[in-house]
Amino acid sequence: MKIIMHSLWQQWKRFWMREGPPYLVATVRIVCGLYLLLYVLSSFPHIPLLYSHAGIAIPNIYSTPAFVHPLLQLPSPTVAWVIYGVILAVIVSFTLGYRTRLSAILCLLGLTYYYQLSFHNAPATYHRLFFFLLVAFLFTDAGATFSLDAWWRFGSWFHAMPAPVLTQRLIAVQLSATYLGVAVQKLWLPDWQDPTMFFYSFQDMWSLPLAWWFVQLSPPFWVYSLMLFTVKLLELWIPVGLWIPKLRLYAIASGIFFHLIVSLFLSAIWWFWIMPLAYIVFFEPEEVEGFIDKFKETLWYSVSFVCRFYNTFLG
Amino acid sequence: METLQRVGIHVLLAIYVVSVLSGLYFTLFRRFPPLAPKPLVLFEYFLMAPFQEYNRENADLLAEGWVDGSWVTIDLDPYYPTMILGTRTMHRRLMTIERVGEEEHRKAFHLLAENIFLRETERGRGYRSVRLSWETWPKSTAGFTHLRHREFIERTPLVMYP
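Residues numbered from 1 in each chain as written. Chains lettered and ligands numbered in written order. Predicted model: local features only at pLDDT ≥ 70, side-chain atom pairs only at ≥ 80, totals over all residues. Heavy atoms only, no water.

> Mind showing me how you'd approach the interface of chain B and chain A here?
How big an interface is tends to be reported as the loss of accessible area on association of its parts. Across the boundary between the two partners, chain B contributes 59 residues, which contact 63 residues of chain A. Both sides together, the interface formed by chain B and chain A hides about 5,400 Å², and carbon and sulfur atoms give 70% of it. Counting across the chain B and chain A interface gives two salt bridges. Among the salt bridges present, the one from Arg56 of chain B reaches Asp191 of chain A, with a minimum N-O distance of 3.6 Å. For the pair chain B and chain A, the interface holds 21 residue pairs in polar contact (both at pLDDT 80 or more). Elements with a minimum of two residues in the side of chain B that touches chain A: α1 (2–29), α2 (38–47), α3 (85–93), α4 (95–100) and α5 (102–122) of chain B. Of the residues forming the side of chain B that touches chain A, the biggest block, 11 residues, is contributed by α1 of chain B. Of the residues belonging to the side of chain B that touches chain A, the class tally is 35 nonpolar, 15 polar and nine charged. (Contact = heavy atoms within 4.5 Å. Buried area = accessible area lost by both parts, 1.4 Å probe. Salt bridge = Lys/Arg side-chain N within 4 Å of Asp/Glu carboxyl O. Polar contact = N/O pair within 3.5 Å; in protein donor to acceptor, adjacent residues only side chain to side chain. Helix = DSSP H or I, 4+ residues; strand = E, 2+ residues; numbered from the N terminus. Nonpolar A, V, L, I, M, F, W, Y, C, P; charged D, E, K, R; others polar.)

And the structure:
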């Protein structure tokens, strides 16, 4: 029993805390940062209408403690622009890896502010995913490489010290849990047993032109049943396949296919693209380091080839 | 200090794993597992809960202003720029506040009506009053608002300001 417990403890520690090259988590930081930047920039230039008393936003003063209510008063348009600028700046600083942990905390505060000010009226799973990702970045120094911090501290953008895999594991586990939870409940949720699910869903506020076109074709209901079955199958398969090295690329392809198809029919899933963008967390850090080394080698080879070509024929 | 930090991280990890498993349990059985921290379970549940059901009808908020002896429809879309139709409609439904309670939901709609009245007045529209109603209508393959006509609409009056 003692041996089993010891072995389990070792596996637990190895899974969450083993050290590896930090390139992977730095790449995820940059991808997430760029994605958050895109998300916040999508409000531009309508900041006063969305986040100030020049619009009609209803802040969440109904389920938050009274001491935060003064912070949730809609500001003047000028103040709203200043806050927007600060939030953009901290997302940029997070993406570039400048004081990464502090930037992640400030991003978290900024997004929480916007959520309580306005987004809470249309709460979505992707809002929570954004919060979760930013919290996950607090556990590892995601700015250890590919960052301004590394550049200033060590004079190299690529400088790298081994770091715990904790952040990438947290994100991987959460992505799997999200897919799995969504998939498993679809096996019993009453609406998901009915082929009219997609027939009606393609006629509502989330439907895109392709959905309207499709529903107007009046396909037989077995087509909707097939779509329903495919969605359930993909959502069950993706979180399992991503953990199996030999099947990982197929799972990634399935995930991209799934998100692409759903995004073409229903706009509700658009901001969920953070999930396939973060699939890199299912690789081991050494694999990503190998890929980056190969990429650097190819890049240097190409640059030197172009220089030699230029010197020989054009110089 | 370092040992304490390491122990702290493992405790946090254990809480996280319990939250994920409890979230899955709640997602499947709609019951809180014993001793599980409720806010974390709900956070995990909402991470696993998109697109659980669908509506048989379409719906949206109707805002009207009283001017020259009649009610005129106010176009709310310009107040929700950059938002797609679904997000706009969700914002107007104030769904999160609906979960808090009926009275809070009514108060929030009242505040919304007041905001619309003030913004419309600033724009020079001389409404003497603004009222909000919730409209539902049957779905149609011809378009989102295709059957949003008097004979199909079911209207629920919400609030009026002032």
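> What am I meant to see in the pattern of salt bridges here?
When the charged atoms of two side chains lie near each other, side chains of opposite charge can form a pair. Evaluation of the coordinates by the stated rule reveals 18 salt bridges over all chains. Note that Glu284 of chain A is salt-bridged to Arg18 of chain A, the shortest N-O span being 2.6 Å. With Glu284 of chain A in the loop between α13 (274–277) and α14 (285–314) and Arg18 of chain A in the loop between α1 (2–17) and β1 (19–20), the pair connects residues that are 266 residues apart, well separated along the chain. Lys139 of chain B is the salt-bridge partner of Asp204 of chain A, the closest N and O atoms lying 3.9 Å from each other. On the criterion of chain membership, the pair formed by Asp204 of chain A in the loop between α9 (196–201) and α10 (209–216) and Lys139 of chain B in the loop between β3 (129–138) and β4 (154–161) is interchain, its members lying in two chains.

> So what exactly am I meant to see when it comes to the nonpolar core here?
In summary, soluble globular proteins display a tendency toward joint burial of nonpolar side chains. Judged by nonpolar contacts, the single largest core of 129 residues is most densely connected at Phe137, Ile171 and Phe202 of chain A together with Leu112, Ile116 and Leu132 of chain B. Counting residues per element, this core draws most heavily on helix α2 (residues 23–41) of chain A, at 11 residues. Beyond its immediate stretch of four places on either side in the chain, Leu132 of chain B contacts Leu61, Leu62, Ala63, Phe109, Leu112, Ala113, Ile116, Pro157, Leu158 and Val159 of chain B. In this structure, Phe26, Ala36, Val41 and Ala49 of chain B belong to the second largest nonpolar core, which totals five residues. (Core = buried A, V, L, I, M, F, W, Y, C linked by side-chain atoms within 4.5 Å. Buried < 20%, exposed > 50% of the residue type's maximum accessible area, 1.4 Å probe, protein only.)

> How do you make sense of the packing of aromatic side chains when you look at a structure like this?
Centre distance and the angle of the planes are the two values used to describe a pair of aromatic rings. On inspection of all chains with the given rule, the structure shows 46 aromatic pairs over all chains. Taking 6.0 Å as the distance between ring centres and 35 degrees as the angle between the ring planes, the aromatic pair formed by Phe15 of chain A and Trp243 of chain A counts as tilted. A residue pair is termed long-range when its members are at least 10 positions apart, and Phe15 of chain A in helix α1 and Trp243 of chain A in the loop between α11 (221–241) and α12 (248–265) qualify at 228 residues. Between Tyr113 of chain A and Tyr114 of chain A the ring centres are 5.8 Å apart and the planes differ by 35 degrees, which places this aromatic pair in the tilted class. Of the residues examined, Tyr114 of chain A reaches a relative accessible area of 1% and is grouped as buried. The structure contains a cluster of three or more aromatic residues connected by ring pairs, namely Trp192, Phe198, Phe199, Tyr200, Phe202, Phe214, Phe221, Tyr224 and Phe265 of chain A together with Phe51 and Tyr54 of chain B. The positively charged end of Lys186 of chain A is found above the aromatic ring belonging to Trp192 of chain A, 4.3 Å away from the centroid. A cation sits over an aromatic face here: Lys38 of chain B above Phe32 of chain B, 4.9 Å from the ring centre. (Phe/Tyr/Trp six-rings, centres within 6.5 Å; stacked < 30°, edge-to-face > 60°. Lys NZ or Arg CZ within 6 Å of the ring centre and 35° of its normal.)

> For this particular structure, what's the right way to read the domain arrangement of chain B?
Examined at the domain level, chain B breaks down into domain 1 (2–51) and domain 2 (57–161). The gap between the C-alpha centroids of domain 1 of chain B and domain 2 of chain B is 38 Å. (Domains from an automatic or database assignment.)

> Whenever I open this one, a nonpolar patch on the surface confuses me. Can you help?
Residue and element names in this part refer to chain A. The grouping of Leu210, Trp213, Leu217, Phe257, Leu260, Ile261 and Leu264 at the surface amounts to a nonpolar patch, some 640 Å² of accessible area in total. Sorting the residues of the nonpolar patch by element identifies α10 and α12 as the ones contributing at least two each. Sort the elements by how many residues they give to the nonpolar patch and α12 lands first, with four residues. Along the chain, the position of Phe257 falls in helix α12. (Patch = residues over 30% accessible without salt bridge, like charges linked within 9 Å, V, L, I, M, F, W, Y side chains within 5 Å. Areas by Shrake-Rupley, 256 points an atom, 1.4 Å probe, with all protein chains shown as cover.)

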